[in-house]
Amino acid sequence: MHILKMLALLRFAARPTRSSGAAFVSPARSSIATSHSHRPLHVGAALQNDDGERSTSAPHLDAPYFPIYYNDVYEVDMPPGHRFPMGKYRRVRRAVQSKVASLSDEEQRRVHCDFRESPLATREQLVTTHDAHYIHRYLTGDMTEAENRNIGFPWSQQHVNRTLSSVGGTTAAACAAWEEYLRRHEYLKRADAQSTSPNRLTSFVTEKTAHLCWGGKMQSANKCTSCFAAHVAGGTHHAFKDYGEGFCIFSDIAVAANVLLQRYSAHKSVPIRRILIIDLDVHQGNGNSVLFDGDDRVQTFSMHCSANYFSKKERSDLDVELPVGCDDETYLSTLSYWLRRIGEHQFDDQTDAHRKQFDLIFFQSGVDIHEDDRLGRLSVTASGISRRNALVFEFADKMECPLVISMGGGYPKTDNWAPIIEAHAGVYLEAHQYLSNKRLQSNLGDPAISADALSSEC
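Quick caveat: nothing in here was measured; it's all calculated off a predicted structure.

## Comments concerning the pattern of salt bridges
Within the structure shown, the criterion is met by eleven salt bridges. Residue Arg137 pairs with Glu147 through a salt bridge whose shortest N-O separation is 2.7 Å. Of this pair, Arg137 sits in helix α5 (residues 132-139) while Glu147 sits in helix α6 (residues 145-151), and the two are ten residues apart along the sequence. By relative accessible area, Arg137 is classed as buried at 13%. Taking relative accessible area as the criterion, Glu147 reaches 21% and is therefore assigned partly exposed. Between Asp397 and Lys438 there is a salt bridge; the shortest N-O distance is 3.1 Å. Remark: Lys438 occurs in helix α13 (residues 418-441) and Asp397 occurs in helix α12 (residues 382-399); sequence separation between them is 41 residues.

Okay, here's the thing in structure tokens:
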């Protein structure tokens, strides 16, 4: 039995708060590419231009890692009056990019952050999760009108490219975060091995790189540096194996998780054994719940509005339903409680003392919980969303594993997009600030240490 299902089966009553309680229930580019080079735009002391390019070397090991992928180069011409907010993706990316570029040189050096164009997902990646015939029919425009209506988009080649980039960007972000995590893990493992070796500069290694470890102390190679990655798109959690709904064709998070498991579950040093999806969109992550039903390697946690289902309610490993009109206090106390329960659970098969609960976490960061959202039906303020984000960042930190952030729902009520754009952008900016604060707290005033320099001292 999945451990989160075990938690859900406890059927806890709503935790008392000073507000109404929440009820907890269990319940000319190719349309398909085999490879696609993403062009990193490094945010350092200067930013060249809005869509400019700059090559980057390997990230310095003494800075938290935070690449941000974006796919607004694949914007789709929508029919007049269509309710999907296609334009928000570029506006969010520009807001994030502009803010990060406006930071001081010192602030920018604290976090290795660059912006990368999302690659197109490949057939090989898609078939890890979705039916091959469904994939072919979608890519070739052989979907029925009823299927397209259920998805919510008219089919077009423009949309095929955008869909593939939505999956490809999240997959690339996940792989980038994990590869960087492995690189730093291997360095720390070598550094640990050298710590007992005389005639080595071990004091330099341990003092200058202490912040590479979670908590700021070099305890073991199992406690690697903060590696976040993000996609200013994705979060398509209503896609199922052979059909889509709710503006979702393929599940980017599910594909990314399956690609990670396919590539790294047998890694000789640090295999991926268990992944957690934290889905905080206002709607249930029903597609991912079904896609990973019976797969203990991926745990699904969805916290959503109890009255906002537009199709059959599915069963995640842990479902938490919130009442209509849920405010900040109820939302945050509920999330904090369940994150703590998840973090405290000990797995039945956890025989290795160094084994972690999760190896990687996905965060579906929908902001349609916002009080100004057209579809949300909750009453969470902008401040409440920021505090939600912080809870997730702190949880990933406590779990000592990489965090991959995707976008999610967010639908402005009127022509005033500002509250929704700001809420979306805040997810990424607050992640950057969180990492920056961790770097600052390390109190290291020395120049950046390059990967080559560190390798030479191991």
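## Concerning the side chain of Asn258
Looking at where Asn258 falls in the secondary structure, it is placed in helix α9 (residues 252-264). By relative accessible area, Asn258 is classed as buried at 13%. A polar contact is formed between the side chain of Asn258 and the backbone oxygen of Thr128, at a distance of 3.4 Å. Apart from residues lying up to four places away in sequence, Asn258 is in contact with Thr128, Thr129 and Phe292.

## Details of empty space enclosed by the protein
Quantified by volume, the largest cavity comes out at close to 50 Å³. Residue lining of the largest cavity: His238, Glu245, His283, Gln284, Asn286, Asn308, Tyr309, Phe310, Ser311 and Lys312, and that is the complete set. Taken together, Tyr138, Asn148, Ile151, Phe153, Pro154, Trp155, Ser156, His159 and Ile249 make up the lining of the second largest cavity. Residue composition of the lining of the second largest cavity, grouped by class: six nonpolar, three polar and no charged.

## Thoughts on the pairing of strand β4 (residues 228-231)
Along β4, one buried face is formed by Phe228 and Ala230 and the opposite face, lined by Ala229 and His231, is buried too. As paired elements, strand β2 (residues 68-70) and β4 share two bridges and run parallel to each other. When the bridges of β4 are listed, Tyr69 appears paired with His231. Bridge analysis of β4 against strand β9 (residues 403-406) gives three bridges, and the strand direction is parallel. Along β9, the bridge assignment pairs Ala229 with Val404.

## Focus: the nonpolar core
In terms of nonpolar packing, the biggest core is built from 112 residues, with Phe66, Leu260, Phe301, Tyr331, Ile361, Phe362 and Ile405 touching the most fellow members. For this core, the element with the most residues is helix α7 (residues 157-194), which contributes twelve residues. Ignoring sequence-local partners within four residues, the contact set of Tyr331 consists of Leu280, Met303, Leu322, Cys326, Ile369, Val380 and Arg388.

## Focus: the packing of helix α11 (residues 328-344) against α12
It is the contact of α11 with α12, at a shortest axis distance of 10 Å, that shows an interaxial angle of 10 degrees. By the criterion of interaxial angle, the relationship of α11 to α12 is roughly parallel. Here Asp328, Tyr331, Leu332, Leu335, Ser336, Leu339, Ile342 and Gly343 of α11 lie close against α12, whose contacting residues are Ser383, Gly384, Arg387, Arg388, Leu391, Phe395 and Met399. Here the contact of α11 with α12 is built from residues that sort into eight nonpolar, four polar and three charged.

## Things to note about the packing of aromatic side chains
Aromatic ring pairs: the centre-centre distance and the angle between the two ring planes describe each pair. Applying the stated rule across the entire model yields 15 aromatic pairs. Ring geometry for Phe228 and Phe393: centres 5.9 Å apart, planes at 45 degrees, overall tilted. In this pair, Phe228 is assigned in strand β4 and Phe393 in helix α12, connecting sequence segments 165 residues apart. With respect to class, Phe228 is no different from Phe393; both count as buried. An aromatic cluster is built from Phe66, Phe228, Phe363, Phe393 and Tyr434, whose rings are joined through pairwise contacts. When the ring centre of Tyr70 is taken as origin, the NZ or CZ atom of Arg93, which lies over that ring, is 4.6 Å away. It is Arg162 that lies over the ring of Tyr89; its NZ or CZ is 4.6 Å from the centre.

## Some points on the packing of α12 against α13
Between α12 and α13, the least distance of the axes is 10 Å, while the angle of their chain directions is 45 degrees. It follows from the interaxial angle that α12 and α13 lie oblique. As for how α12 packs across α13, the hand of that crossing is right-handed. Note on element contacts: α13 touches α12 through Ala423, Gly426, Val427, Glu430, Ala431, Tyr434 and Lys438, opposite Ile385, Ser386, Arg388, Asn389, Phe393, Glu394 and Asp397. Classifying every residue of the contact of α12 with α13 by side-chain character gives six nonpolar, three polar and five charged.

## Here's the deal with the environment of Ile253
Examined against the element boundaries, Ile253 turns out to sit in helix α9. Residue class for Ile253 comes out buried when judged on its relative accessible area of 1%. Here the alpha-carbon distance between Ile253 and Phe363, two residues 110 residues apart in the chain, equals 9.0 Å. The contacts of Ile253, once residues within four sequence positions are left out, are Thr170, Gly235, Ile277, Asn288, Phe362, Gln364 and Ser406.

## Focus: the environment of Ala172
Here Ala172 lies in helix α7. Given a relative accessible area of 13%, Ala172 falls into the buried group. Residues Ala172 and Ala121 lie 51 residues apart in sequence; the distance between their C-alpha atoms is 8.8 Å.

So, how was this worked out
- Residues numbered from 1 in each chain as written.
- Predicted model: local features only at pLDDT ≥ 70, side-chain atom pairs only at ≥ 80, totals over all residues.
- Heavy atoms only, no water.
- Salt bridge = Lys/Arg side-chain N within 4 Å of Asp/Glu carboxyl O.
- Helix = DSSP H or I, 4+ residues; strand = E, 2+ residues; numbered from the N terminus.
- Buried < 20%, exposed > 50% of the residue type's maximum accessible area, 1.4 Å probe, protein only.
- Polar contact = N/O pair within 3.5 Å; in protein donor to acceptor, adjacent residues only side chain to side chain.
- Contact = heavy atoms within 4.5 Å.
- 1 Å grid on protein atoms, 1.4 Å probe; cavity = no way out; pocket = protein on both sides within 12 Å on 5 of 7 lines; lining within 4 Å.
- Points joined across faces, edges and corners; volume = space filled by probe spheres on them.
- Nonpolar A, V, L, I, M, F, W, Y, C, P; charged D, E, K, R; others polar.
- Pairing = 2+ DSSP bridges.
- Core = buried A, V, L, I, M, F, W, Y, C linked by side-chain atoms within 4.5 Å.
- Axes fitted to C-alpha atoms, helices over the stretch in contact; angles between N-to-C directions.
- Parallel < 35°, antiparallel > 145°, perpendicular 65-115°, else oblique.
- Phe/Tyr/Trp six-rings, centres within 6.5 Å; stacked < 30°, edge-to-face > 60°.
- Lys NZ or Arg CZ within 6 Å of the ring centre and 35° of its normal.
- Left-handed = near helix turned anticlockwise from the far one by under 90°.

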